[in-house]
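# Summary of structural features
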Amino acid sequence: APATVYVDDSYVFPVCGTHICGYDAFTKVEEGVAAVAAGGTVNVAEGTYSVTSTILVNKAMTITGPVAGGAVIQGTTTSFVSIFDITASNVTLQNLEVTHNALRTFATSPTPWTELANSLVKITTGTNLSGIVINNNKIFVPLQSGAMSTWNGVALTVGSDTVTGLSITNNEIYNTRNGIVNKNRVTVTLSGNTI
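Quick caveat: nothing in here was measured; it's all calculated off a predicted structure.

Of regular secondary structure, the chain possesses 1 helix and 22 strands. For the chain, the C-alpha radius of gyration of 16 Å lies close to 16 Å, the compact-globule estimate for 195 residues. The principal-axis extents of the C-alpha atoms in the chain amount to approximately 50 × 35 × 30 Å. The burial tally for the chain puts 44% of its 195 residues in the buried class. The long-range share in the chain, meaning contacts at least 24 apart out of those at least 6 apart in sequence, stands at 67%. Roughly 8500 Å² of accessible area belongs to the chain as shown, and the carbon and sulfur atoms make up 52% of that amount. In the chain, the 8 positive side-chain charges and the 11 negative ones have mean positions that sit 12 Å from each other.

Here it is as structure tokens:
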């Protein structure tokens, strides 16, 4: 597996299966995440990447967009809410725009309603995970109409007894029902976030 992969929705090179012929490059974020070696980097170019199911991040890696922004990763169906599910240590998400443009309302979301089930980014499994960094991202949904009690979506949820040494910094979060939910017995550094 390559240590560095590239994701770009506008590649025009011939496609061989799911990757660009002769390159460690992909047109879908989930393909780059699956292909990269543990400890490697997935470089996501500016563009809009539609996802139709949760991207499982089950090995150490960095998923990064351009520093100037513009790498939009968006959910497009009502069958799921979570864009990323982090289940491994030493994972970094940075410089990404994570959104969902097909959320159901709170009343029709997965029941029973929980922060984890309705979170765009979640850290749900594993005991003693460490070294997770969520930095300089925009995590949002389109403006929701009606009373806030009908809104859905949580930007980021960390499950109980899951992680130590978590860093959530310099993120911009908006239009979600909840911002950052940090469950019981989790060690986290929060700074510079705008909700």
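A few words now on unusual backbone geometry. Residues other than glycine predominantly adopt negative phi, and peptide bonds predominantly adopt the trans conformation. For Asp161, which is not a glycine, the phi torsion comes out positive at approximately 55°. Mapping Asp161 onto the fold places it in the loop between strand 17 (154-158) and strand 18 (163-164). The phi torsion at Asn175 lies on the positive side, around 70°, for a residue other than glycine. Here Asn175 lies in the loop between strand 20 (172-174) and strand 21 (178-182).

This part takes up the pairing of strand 11 (residues 91-94). Pairing between strand 8 (residues 61-64) and strand 11: 4 bridges, direction parallel. If you follow Thr62 over to strand 11, its bridge partner there is Thr92.

Okay, the side chain of Asp8 next. Mapped onto the elements of the fold, Asp8 is located in the loop between strand 1 (4-7) and strand 2 (15-16). There is no salt bridge for the buried Asp8, and the closest opposite charge comes from Lys28, which lies 14 Å off by N-O distance.

This brings us to the pattern of salt bridges. Tallied over the entire structure, the rule returns 2 salt bridges. Of the charged contacts in the structure, one is a salt bridge between Glu115 and Lys183, with a shortest N-O distance of 3.0 Å. Residue Glu115 is located in the loop between strand 12 (97-100) and strand 13 (119-123), and its partner Lys183 is located in the loop between strand 21 and strand 22 (188-191); the two are separated by 68 residues in the primary sequence. Taking the relative accessible area as the measure of exposure, Lys183 reaches 29% and is therefore partly exposed. Here Asp161 ties to Arg185 by a salt bridge, and the two come within 2.6 Å at their closest N and O atoms. One end of the pair, Asp161, is in the loop between strand 17 and strand 18; the other, Arg185, is in the loop between strand 21 and strand 22, and 24 residues separate them in sequence. What makes Asp161 partly exposed here is its relative accessible area of 38%.

Now for the pairing of strand 8. Examined bridge by bridge, strand 5 (residues 40-44) and strand 8 share 4 bridges and lie parallel to one another. Paired with Gly40 across the bridge in strand 8 is Met61.

A word on the sheet that holds strand 21. Spatially, 7-10-13-17-21 is the arrangement adopted by the 5 strands of the open sheet, whose pairing is parallel. Across the chains shown, the open sheet's two edge strands, defined by having one partner strand only, are strand 7 (55-57) and strand 21. Taking each pair of neighbouring strands and ignoring which way they run, the sheet shows an average axis angle of 10°. Pairing geometry for strand 17 and strand 21, over 4 bridges, is parallel. Bridge pairing in strand 21 places Val154 opposite Asn178.

Moving on: the sheet that holds strand 16 (residues 138-140). With parallel pairing, the 5 strands of this open sheet are ordered in space as 6-9-12-16-20. Strand pairing shows two members of the sheet lacking a second neighbour, strand 6 (47-51) and strand 20, which therefore form its edges. Each adjacent strand pair in this sheet contributes to an overall mean axis angle of 15°, direction not counted. The pairing of strand 12 with strand 16 spans 3 bridges and is classified as parallel. Its bridge partner being in strand 16, Glu97 is matched across the sheet by Lys138.

Calculation notes
- Numbers given to residues run from 1 along each chain, matching the order in which its sequence is written.
- Predicted model: local features are reported for residues with pLDDT of at least 70 only, side-chain atom pairs are reported and counted for 80 or more only, and whole-chain, interface and lining totals are derived from all residues.
- To obtain the side-chain values, all non-hydrogen atoms of the structure were included, while hydrogens and water were left out.
- Each helix is a run of DSSP H or I of at least 4 residues and each strand a run of E of at least 2, with the numbering of both proceeding from the N terminus.
- In this description the radius of gyration comes from C-alpha coordinates, and the expected globular size is given by 2.2 Å times residues to the power 0.38.
- Each residue is assigned to one of three classes by its accessible area relative to the maximum for its type, calculated with a 1.4 Å probe on protein chains only: buried under 20%, partly exposed between the two thresholds, exposed over 50%.
- In this description, contact between two residues means that some pair of their heavy atoms is separated by no more than 4.5 Å.
- Where accessible areas are quoted, they stem from the Shrake-Rupley method and a 1.4 Å probe; at the residue level, only the protein chains shown are allowed to cover.
- Residues scored as charged are limited to Lys and Arg (positive) and Asp and Glu (negative), so that His and the chain ends carry no count.
- Where a charge sits is defined by one atom per residue type, namely NZ (Lys), CZ (Arg), CG (Asp) or CD (Glu).
- When DSSP locates at least two bridges between a pair of strands, those strands are taken to pair.
- Whenever a carboxyl oxygen of Asp or Glu lies within 4 Å of a side-chain nitrogen of Lys or Arg, that contact is scored as a salt bridge.
- Fitting a line to C-alpha atoms yields each axis, with helices limited to the stretch in contact; the angle taken between N-to-C directions then spans 0 to 180 degrees.

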